[in-house]
Amino acid sequence: MIALCALTVTGTRAQEKPKLAFHGNGRFKIAQFTDIHWVHGEPTCAKVIETIKAVLAAEKPDVAILTGDVAYRVPDREPWTDIPKIFEDARTPFAVTFGNHDGEAGTRISRAEIMDILSRSPWFLGEKGPEDIHGVGNYVLPVCGSKGNRPAALLYCFDSNAYSTDPKYGTYAPIYFDQIAWYRRRSDAFAAGNNGKPLPALAFFHIPLPEYRHVIGQKNTLGTCEETPCPPDYNTGLLGSFIDKRDVMGVFVGHDHANDYIGIEHYVALAYGRVSGWEAYGRLERGARIIELFEDEFVFDSWIRTPKGAELVFHYPSAITSVDEETMTYLPARQVNPRKQGVRYTYYEGDFGTVKKITPDKKVSEGMMPYFSVNDAPSEDHFAYEFRTWIKIPERAVYSFYTVSDDGSQIYIDDQLVVDKDWSHIMRVNGKVALEAGFHELKVLFYDDTWGQSLEIGYSSKHIRDRKLPENCLFIDN
């Protein structure tokens, strides 16, 4: 049974908690603060307060989520009464996930006691979570729709635990199997309440997943990586469950203070927050990561915010970034004005295995189609197509094009190779190009070997959500 949401509450009567909801413009904003490392009584506390207040004033988030290592150095109760005051003064709802230093061995307060203290704040949205699984603070925050009182998005908060109980299994504990089973049950329940469809979701916790190592150095990864990620030494498969349930778009962690990168692994964004505390190591300017959700879409934008300003904007799922927009060379529009919609094709037959073997001597026929299609090829196997069309680009922007093909495919725009998937077997491959508004020449090469054939072509930009290329943007000369 899924509880209904309510519209955002602005008052703070006794025991009343704010409810999270999309605004009328369909947007909802989150500020992630991480590794605050609050040491009660130290001068650095004033810097933390200044940073958090600057971010809250600039971004005006709908909720702040603190992803662990909030307190440091054998803390007692003071950090957990001091920090809520920052968000209470700003009238900003907040939630907390624990890090390895929060309530660690040697402190005089447990995680359960911390939750009890935090729960006294009328602006705190977290909870202890189920008692029959590992950790304290496994819970989900529904974000209701702008025009209704049912959940439209979900924010999963996990306790990523602290240290391994057995040294032979490494330094840090993982998110355990019972926590993953809890997530899967909750995901299924929310989907059942949404006519069987998964709800767009994000996940927040402290210690990164092992897969954070996979996106380092990838062409679509944005941000700083100055230290090797420190995940648990063994993998309990949480990312696999996110992929299986098809709801979690992005994971947001802390722990490694010198990292703030974001990349994509199997269509799930893996992101670090920006370190927020001065008792933490690392040279990065202190600040926060901002995430903005869009109602009814599996889409979000994210960027780093410091008192000096915003930087490192990342658009999910296109992986288009502010760095792309600032550094890529924009291809000028062609001076043409085609009026007839469609695609011209040349059909070839032969044993290809690479687009390089698509040569004029293997040409069989040519003609026009309303759209790209390889399904009506005269030959069952061993054939190829060259498609040519004019694509009308609506605005100056960086675009991410993709093919999903079985077998090989390439996309050229104005003779520039944009997508290169020149090998057999089906998969999706993306590529970016910066384009001025207007008409651009689009060429697609495709070949089939054996065992079925398929071709899908799509694109996205920061204003166009990931989709197949629409027919009404493709034109040919008369």
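Every chain is numbered independently, its residues counted from 1 as its sequence is written. A pLDDT threshold of at least 70 governs which residues receive local features in this predicted model, and a stricter bar of 80 or more applies before side-chain atom pairs are shown or counted, although totals over entire chains, interfaces and linings include all residues. Only hydrogens and water are set aside; all other atoms, that is, all heavy atoms of the structure, feed into the side-chain values.

(A) Spotlight on the sheet that holds strand β13 (residues 320–321). Overall, mixed pairing links the seven strands, which are arranged β3-β2-β1-β10-β11-β12-β13 in an open sheet. Edge positions in the sheet fall to β3 (94–97) and β13, since each has one partner strand and no second. The sheet contact formed by strand β12 (residues 309–316) and β13 spans two bridges and is antiparallel. What sits directly across from histidine 315, in β13, is isoleucine 320. Strand pairing follows a simple DSSP-based rule, namely that at least 2 bridges must link the two strands. For the purposes of this entry, the term helix denotes a DSSP run of H or I that reaches at least four residues, the term strand denotes a run of E that reaches at least two, and both are numbered from the N terminus.

(B) Structural view of the side chain of lysine 432. Mapping lysine 432 onto the fold places it in strand β22 (residues 427–435). Here the side chain of lysine 432 touches alanine 319 through a polar contact of 2.6 Å, landing on its backbone oxygen. Whenever two N or O atoms come within 3.5 Å, that pair is a polar contact, provided that in protein one can donate a hydrogen and the other can accept it, and provided that, for residues adjacent in sequence, both atoms are side-chain atoms. A polar contact of 2.7 Å, which involves the side chain of lysine 432, links it to the side chain of aspartate 324. In contact with lysine 432, other than residues within four places in its own chain, are Asn220, Ser318, Ala319, Ile320, Thr321, Asp324, Met328, Val398, Tyr399, Ser400 and Val418. It only takes one pair of heavy atoms within 4.5 Å for two residues to be counted as in contact.

(C) Inspection of the sheet that holds strand β14 (residues 330–331) at higher detail. The five strands lie next to each other as β14-β22-β19-β24-β25, forming an open sheet whose pairing is mixed. Edge positions in the open sheet fall to β14 and β25 (467–468), since each of these has one partner strand only. Examined bridge by bridge, strand β24 (residues 454–460) and β25 share two bridges and lie antiparallel to one another. Paired with glycine 458 across the two strands is lysine 468, which belongs to β25.

(D) Local environment of helix α4 (residues 177–192). Any helix carries an expected span of 1.5 Å times its number of residues minus one. Helix length check: α4, at 16 residues, gives a terminal C-alpha distance of 22 Å against a target of 22 Å (1.5 Å per residue), a fit within 8%. We call a residue buried when its accessible area falls under 20% of the maximum for its residue type, exposed when it is over 50%, and partly exposed in between, using a 1.4 Å probe and counting protein chains only. The complete set of buried residues in α4 reads Gln179, Ile180, Trp182, Tyr183, Ser187, Phe190 and Ala191. Down the axis of α4, the buried side of the element spans an arc of 165°, and every buried residue falls inside it. Facing away from the buried surface of α4 by more than 90 degrees, the exposed residues are Phe177 and Ala192. Looking at the packing, one finds that the buried side of α4 touches β4 (139–144), β5 (151–157), α5 (238–245) and β7 (248–253). Working note: the arc is built from the helix axis to C-beta atom directions.

(E) Representation of the pairing of strand β19 (residues 397–406). Counted residue by residue, β19 has nine buried out of ten residues, so it is predominantly covered. Note that β19 and β22 share nine bridges and pair antiparallel. By the bridge assignment, phenylalanine 401 is partnered in β22 with glycine 431. Direction of pairing for β19 relative to β24: antiparallel, over a ladder of seven bridges. Paired with phenylalanine 401 across the two strands is tyrosine 459, which belongs to β24.

(F) Region of the structure containing empty space enclosed by the protein. Definitions used throughout: a 1 Å grid over protein atoms alone; a cavity as a set of points that fits a 1.4 Å probe which cannot get out; a pocket as an open set with protein on both sides within 12 Å along at least five of seven lines; a lining residue as one with an atom within 4 Å of a point. Grid points are joined across faces, edges and corners, and a volume is the space filled by probe spheres set on the points. Summed over all chains, the structure comprises two cavities of 30 Å³ or more. Of the voids in this model, the largest cavity is the one considered here, and its volume is about 90 Å³. For the largest cavity, the lining is made up of 15 residues, of which Pro174, Ile175, Leu209, Pro210 and Pro232 are closest to its centre. Put simply, Ala, Val, Leu, Ile, Met, Phe, Trp, Tyr, Cys and Pro go in the nonpolar bin, Asp, Glu, Lys and Arg in the charged bin, and everything else, Gly too, in the polar bin. Considered class by class, the residues forming the lining of the largest cavity number eleven nonpolar, four polar and no charged. Its volume calculated, the second largest cavity comes out at about 40 Å³.

(G) Summary view of the state of the cysteines. In this description, the term disulfide denotes a pair of cysteine sulfurs within 2.5 Å. Enumeration over the complete set of coordinates arrives at zero disulfides. We note that cysteine 225 lacks a disulfide partner, and the nearest cysteine sulfur, in cysteine 230, lies 10 Å from it. The partly exposed category is assigned to cysteine 225, whose relative accessible area is 35%.

(H) Looking closely at the pairing of strand β1 (residues 27–33). Taking burial as the measure, the seven residues of β1 include six buried ones, the bulk of the element. Pairing between β1 and strand β10 (residues 288–294): six bridges, direction antiparallel. In the sheet register, phenylalanine 28 faces β10, and the bridge partner there is leucine 293. Note: β1 against strand β2 (residues 63–67), four bridges, orientation parallel. Note that in β2 the partner of glutamine 32 across the bridge is isoleucine 65.

(I) Structural detail: the environment of isoleucine 133. Mapped onto the secondary structure, isoleucine 133 falls in the loop between α3 (111–118) and β4. For the pair isoleucine 133 and tyrosine 176, spaced 43 residues apart in sequence, the C-alpha to C-alpha distance is 8.4 Å. Leaving out residues up to four positions away in the same chain, isoleucine 133 has contacts with Asn138, Asp178, Gln179 and Trp182.

(J) Molecular detail of the confidence of the model for the chain. What pLDDT conveys is the predictor's confidence in a given residue, as a value from 0 to 100. On average, residues of the chain carry a pLDDT of 93, and 95% of them reach 70 or more. Note on residues 6–14: pLDDT under 50 across the span, and 20 contacts to partners over four residues away in sequence or across chains.

(K) Seen up close, the nonpolar core. Core analysis: the largest hydrophobic core is formed by 61 residues, its most contacted members being Ile30, Phe33, Phe87, Leu155, Leu202, Leu293 and Phe300. Element by element, the count of residues in this core is highest for helix α1 (residues 44–59), at five residues. Once you skip the residues sitting within four places of it in the chain, leucine 155 turns out to touch Leu20, Phe28, Ile30, Val63, Ile65, Tyr139, Val140, Leu141, Val143, Leu202, Phe204 and Leu293. Ranked by size, the runner-up nonpolar core spans 34 residues in total, among them Leu331, Phe383, Val419 and Leu442. Joining through side-chain atoms within 4.5 Å is the link that ties buried Ala, Val, Leu, Ile, Met, Phe, Trp, Tyr and Cys residues into a set, and such a set is a nonpolar core.

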